[in-house]
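So the chains spell out like this:
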Amino acid sequence: MQRSAPRTRLTRILACAAVPVMLVAAGCSSDSGDSGKAEGQGQGQGQGNASASASVTPSPSQSTKTVEPAKFAKLPEVCKAISTKTTASLVPKAKTKNGTPAASSDLASRGGCSWNGLEDKGVKGSQYRWLDVSFYRYESDASLGSGQERAQENLAKELAKVQETPGAKKLRTVPAPGIGDEASAVTYQLRKTDEDFVYTSIVARTGNVLVLLSYNGAGYAGAETPSEKTVTAGAVTAAKEAVAAVAAANK
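Because the structure is predicted, anything quoted here is derived from the model rather than measured. (Residues numbered from 1 in each chain as written. Predicted model: local features only at pLDDT ≥ 70, side-chain atom pairs only at ≥ 80, totals over all residues. Heavy atoms only, no water.)

### Observations regarding the sheet that holds strand β7 (residues 209-220)
Move 1: With respect to topology, 7 strands assemble into an open sheet ordered β1-β2-β3-β7-β6-β5-β4, the strand pairing being antiparallel. Bordering the open sheet on either side are β1 (100-101) and β4 (169-175), each of which pairs with just one other strand.
Move 2: Pairing between strand β3 (residues 126-137) and β7: 12 bridges, direction antiparallel. Paired with Tyr128 across the two strands is Ala218, which belongs to β7.
Move 3: Contacting β4, β5 (182-192), β6 (195-206) and β7, helix α5 (residues 147-163) crosses the sheet at an angle of about 170° to β6.
Move 4: Docked against the sheet, helix α6 (residues 228-249) engages β3, β4, β5, β6 and β7, running at close to 30° with respect to β6. (Pairing = 2+ DSSP bridges. Helix = DSSP H or I, 4+ residues; strand = E, 2+ residues; numbered from the N terminus. Contact = heavy atoms within 4.5 Å. Axes fitted to C-alpha atoms, helices over the stretch in contact; angles between N-to-C directions.)

### Section: the side chain of Ser109
Move 1: Among the structural elements, Ser109 can be located in the loop between β1 and β2 (110-120).
Move 2: Those residues in contact with Ser109, other than ones at most four positions away along the chain, are Leu75, Phe135, Tyr136 and Arg137.

### Examining α6
Move 1: For α6, spanning 22 residues, the distance from its first C-alpha to its last is 32 Å, which sits close to the expected 32 Å at 1.5 Å a residue.
Move 2: Within the span of α6, buried status applies to Val231, Gly234, Ala235, Ala238, Ala239, Ala242, Val243, Ala245, Val246 and Ala249. Along α6, the residues classed as buried sweep out an arc of 165° about the axis, all on the same side.
Move 3: Against the buried residues of α6 lie α4 (84-90), β3, β6 and β7. (Expected span 1.5 Å × (residues − 1). Buried < 20%, exposed > 50% of the residue type's maximum accessible area, 1.4 Å probe, protein only. Arc of directions from axis to C-beta.)

### Thoughts on the nonpolar core
Move 1: Ranked by size, the top nonpolar core spans 31 residues in total, and within it Ile82, Leu131, Val133, Phe135, Ile179, Val211 and Leu213 carry the most contacts.
Move 2: Those elements that provide at least two residues to this core are β2, β3, β5, β6, β7 and α6.
Move 3: Here this core takes 8 residues from α6, the largest share from any one element.
Move 4: Core analysis: the next-biggest nonpolar cluster, separate from the first, contains 15 residues, Ala151, Tyr188, Val203 and Ala218 among them. (Core = buried A, V, L, I, M, F, W, Y, C linked by side-chain atoms within 4.5 Å.)

### Concerning the state of the cysteines
Move 1: Scanning the entire structure with this criterion turns up 1 disulfide.
Move 2: Disulfide pairing is shown between Cys79 and Cys113; the S-S distance is 2.0 Å. Taking the torsion about the sulfur-sulfur bond, which here is approximately 100°, the covalent link between Cys79 and Cys113 counts as right-handed. With Cys79 in the loop between α3 (35-56) and α4 and Cys113 in strand β2, this residue pair connects regions lying 34 residues apart in the sequence. (Disulfide = S-S within 2.5 Å.)

### Quick look at the pairing of β5
Move 1: Sheet topology places β4 next to β5; 5 bridges connect them, and they run antiparallel. Pairing of Lys169 across the sheet is with Gln189, part of β5.
Move 2: Between β4 and β5, which pair antiparallel one after the other, the connecting turn spans 6 residues, and Gly178 there sits at a positive phi close to 85°.
Move 3: Where β5 meets β6, 11 bridges bridge the pair, whose relative direction is antiparallel. What sits directly across from Tyr188, in β6, is Tyr199.
Move 4: With antiparallel pairing between neighbouring strands as the criterion, β5 and β6 make up a hairpin whose turn holds 2 residues, including Thr193 at a positive phi of roughly 45°.

### Digging into the pairing of β6
Move 1: When you tally the buried positions in β6, you get 10 out of 12 residues, the bulk of the element.
Move 2: Here 9 bridges tie β6 to β7, and the two strands are oriented antiparallel to one another. Bridged to Arg205 within β7 is Leu210.
Move 3: Taking the residues that link successive antiparallel strands as the turn, the β6-β7 hairpin has 2 residues, and the phi of Gly207 there is positive, at about 60°.

### Structural notes on the packing of aromatic side chains
Move 1: Scanning the model with the defined rule gives 4 aromatic pairs in all.
Move 2: With a centroid separation of 6.0 Å and 70° between ring planes, the pair formed by Tyr128 and Phe197 is classed as edge-to-face. Separated by 69 residues along the polypeptide, Tyr128 in strand β3 and Phe197 in strand β6 bring together distant segments of the chain. Taken as a pair, Tyr128 and Phe197 share a single burial class, namely buried.
Move 3: Relative to Tyr220, the ring of Phe197 has its centre 6.3 Å away and its plane inclined at 80°; by these criteria the two rings are edge-to-face. With Phe197 in strand β6 and Tyr220 in strand β7, the pair connects residues that are 23 residues apart, well separated along the chain.
Move 4: An aromatic cluster of three or more residues is present, and its members are Tyr128, Tyr188, Phe197, Tyr199 and Tyr220.
Move 5: Positioned above the aromatic ring of Phe197 is the side chain of Lys192, whose terminal nitrogen or guanidinium carbon lies 4.7 Å from the ring centre. (Phe/Tyr/Trp six-rings, centres within 6.5 Å; stacked < 30°, edge-to-face > 60°. Lys NZ or Arg CZ within 6 Å of the ring centre and 35° of its normal.)

The quantities given are spatial measurements derived from coordinates; they are silent on function.
Given below as structure tokens:
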């Protein structure tokens, strides 16, 4: 009986050698009653792998953040965002009647246009006017926030830039109701080319779009400096049209 043990053992080894590799670990890894222990270890390992898999599965809080979709998908044609009637009124002798577009590498995200001109009134002097408008559109991004949130953040930054205009005098900031979702008007005076210029800049947000508008003017050769009231009224009119153009472009 003792001599038959080696032969029996050899027979089992040869039998296992003929079994596919995946089955060897399950049924042929032991020559004794340790197979039960191996099964227990195998189950424990399987549970460990399952636990490991579960540990890397993202929880709801770890899942990709969802953000509100951007309200507006495109911008208006910038130089047509303010009507010809309004630009002719605010800049009577504009060098370029239809406006001068600003350079932009992505017109779907940003664009600008400006008008400027000098109206000669003979012995009464001359009146200079400048109007410009810029649009910035923000997409929603899981890591940066919704387009609306990004526009709000940048509105504060743009407003701060205007308020820090070098050389500005008598600067004041007031709310500009009725222009988009939120807007502020900054008025100030600036001395340039030996003349006093009066400025009104409006920083407005409509959805995920920022509208930055500036209107200013000065009197030359003895002409009166335009009043702050007149300049602000013109800026507000143009800003309202620019904001309305965003909605119209996305209908």
